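Chain by chain, the residues run as shown.
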Amino acid sequence: MAAIDLAVIGGTGVYRLANLQYAEAVEGDTPFGKPSGPVRVGRLRGRRVAFLARHGEGHSLPPHRVNYRANLWQLKQLGASRVLAINTVGGITERFGPRVLALPDQLIDYTWGRASSFWDGEGGEVLHVDFGDPYTPSLRAEVLAAADRAGVALVDGGCYGATQGPRLETKAEIARMRRDGCDLVGMTGMPEAGLARELGLDYACLAIVANWAAGAGPDPDEQITLQDVLANVEAASAGLGPLLSSLLAAD
Ligand code: HPA
């Protein structure tokens, strides 16, 4: 199997990769069950790129039902060694308002009850991977440089808080997350990042800020609507194509 130069996992509002040419849909199964949908493998800038829609192409899977293990296993099996995960998030602190693209460098996991390891002890083996820096520093550096070359504004750093969902958070929960040091809140960042580390994949999170998290914006009583979320993701996604082209052209 020829290597894949980059695997991209798309989040809410990102169900296709524009300009992915000659894409072939690879359906598959893994020892951990079925991935969210077909992996589309094609060419972008002449490089082999794989794309998988995390929630399924018709967005049918809520965050707590995504088979994160199957998704990452499948990408690795297809020959991927680095993964750029696109995650739609809410912004908590000032630098992370709606339509911002961000590349967080830390995370806090508030999720529960998800299959969060490939090593669940059944084979008699337990593994504790290093996770001090949850996002691969070399891949982050490459993405930052690519954004710079492409003239795409990207906020460097920030702490991603992964919540269980599918409901949005209360104002008190967001206030607590702010005290904890979170800048962004999303529902899909974990266990994905931890599983990628277990598989030895390079992994970085490109966060698209869709809304101010509950109570965090200038109008603390503003309601979060799906319409706003999708409109903001669409607007911010304009930077994705140039960023990916630049990333793939670089190496
Ligand atoms: N909270 C959690 N996940 C999200 C949000 C939010 O405000 N916006 C988009 N994904």
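Above this note sits the structure.
Note that this is a predicted model, so its numbers are computed, not measured. (Residues numbered from 1 in each chain as written. Predicted model: local features only at pLDDT ≥ 70, side-chain atom pairs only at ≥ 80, totals over all residues. Heavy atoms only, no water.)

### A few points about the pattern of salt bridges
Scanning the model with the defined rule gives 9 salt bridges in all. Between Glu57 and Arg16 there is a salt bridge; the shortest N-O distance is 3.6 Å. Placement of the pair is Glu57 in the loop between strand 4 (47–53) and helix 1 (68–77) and Arg16 in the loop between strand 1 (6–10) and strand 2 (21–26), with a sequence separation of 41 residues. For Glu57, a relative accessible area of 29% gives the class partly exposed. With a relative accessible area of 53%, Arg16 lands in the exposed category. (Salt bridge = Lys/Arg side-chain N within 4 Å of Asp/Glu carboxyl O. Helix = DSSP H or I, 4+ residues; strand = E, 2+ residues; numbered from the N terminus. Buried < 20%, exposed > 50% of the residue type's maximum accessible area, 1.4 Å probe, protein only.)

### Side note on the packing of aromatic side chains
Here the structure, examined in full by the defined rule, presents 4 aromatic pairs. Between Phe32 and Trp73 the ring centres are 5.1 Å apart and the planes differ by 65°, which places this aromatic pair in the edge-to-face class. Placement of the pair is Phe32 in the loop between strand 2 and strand 3 (39–44) and Trp73 in helix 1, with a sequence separation of 41 residues. For Phe32, a relative accessible area of 22% puts it in the partly exposed group. With a centroid separation of 6.3 Å and an interplanar angle of 15°, the aromatic rings of Tyr135 and Tyr203 are classed as stacked. With Tyr135 in the loop between strand 7 (106–109) and helix 2 (137–150) and Tyr203 in strand 11 (residues 202–212), this pair connects stretches of sequence that are 68 residues apart. With a relative accessible area of 2%, Tyr203 lands in the buried category. (Phe/Tyr/Trp six-rings, centres within 6.5 Å; stacked < 30°, edge-to-face > 60°.)

### A closer look at the environment of Ala147
Topologically, Ala147 is positioned in helix 2. Along the chain, Ala147 and Lys171 lie 24 residues apart, while their C-alpha atoms are 33 Å from each other. The residues touching Ala147, leaving out its near neighbours within four places in the chain, are Val152, Leu154 and Leu243. (Contact = heavy atoms within 4.5 Å.)

### Some remarks on the pairing of strand 9 (residues 159–162)
Alternating residues of strand 9 divide into Cys159 and Gly161 and Tyr160 and Ala162, and every residue in both groups is buried. In this structure, strand 7 lies alongside strand 9, joined through 4 bridges in parallel fashion. Looking across to strand 9, one finds that Gln106 is bridged to Cys159. In terms of strand pairing, strand 9 meets strand 10 (residues 184–186) through 3 bridges, oriented parallel. Paired with Gly161 across the bridge in strand 10 is Val185. After leaving strand 9, the chain enters helix 3 (residues 171–180) and then returns to the sheet as strand 10, a path that is right-handed. (Pairing = 2+ DSSP bridges. Right-handed = clockwise from strand over helix to strand, strands pointing away.)

### Some thoughts on a nonpolar patch on the surface
On the surface, a cluster of nonpolar side chains totalling about 220 Å² of accessible area is made up of Trp119, Leu127 and Val129. As for its position among the elements, Trp119 is in the loop between strand 7 and helix 2. (Patch = residues over 30% accessible without salt bridge, like charges linked within 9 Å, V, L, I, M, F, W, Y side chains within 5 Å. Areas by Shrake-Rupley, 256 points an atom, 1.4 Å probe, with all protein chains shown as cover.)

### A word on the side chain of Thr88
Mapping Thr88 onto the fold places it in strand 5 (residues 82–91). With relative accessibility at 15%, the residue Thr88 sits in the buried group. With residues near it in sequence (within four places) discarded, Thr88 still touches Gly11, Thr12, Gly186, Ile208, Ala210, Val229 and Val233.

### Some thoughts on the packing of helix 2 against helix 6 (residues 240–250)
Axis separation between helix 2 and helix 6 bottoms out at 8 Å; the angle between their running directions is 115°. The crossing of helix 2 and helix 6 is right-handed. Contact with helix 2, carried on its side by Glu142, Val143, Ala146, Ala147, Arg149 and Ala150, involves Pro242, Leu243, Ser246, Leu247 and Ala250 of helix 6 and no other residues of that element. Taken together, the residues of the contact of helix 2 with helix 6 break down into 8 nonpolar, 1 polar and 2 charged. (Axes fitted to C-alpha atoms, helices over the stretch in contact; angles between N-to-C directions. Left-handed = near helix turned anticlockwise from the far one by under 90°. Nonpolar A, V, L, I, M, F, W, Y, C, P; charged D, E, K, R; others polar.)

### With respect to the site of the ligand
In the region of the ligand, the neighbouring residues are Thr88, Val89, Gly90, Leu168, Glu169, Val185, Gly186, Met187 and Asn211. Within the backbone of Gly90, one N or O atom sits 3.4 Å away from a nitrogen atom of the ligand. Here the ligand has 260 Å² of accessible area as a free molecule, and 92% of this is covered by the chains. Secondary structure elements with two or more residues in the shell around the ligand: strand 5 and strand 10. The element contributing the most residues to the shell around the ligand is strand 5, with 3 residues. (Near = heavy atom within 4 Å. Polar contact = N/O pair within 3.5 Å; in protein donor to acceptor, adjacent residues only side chain to side chain.)

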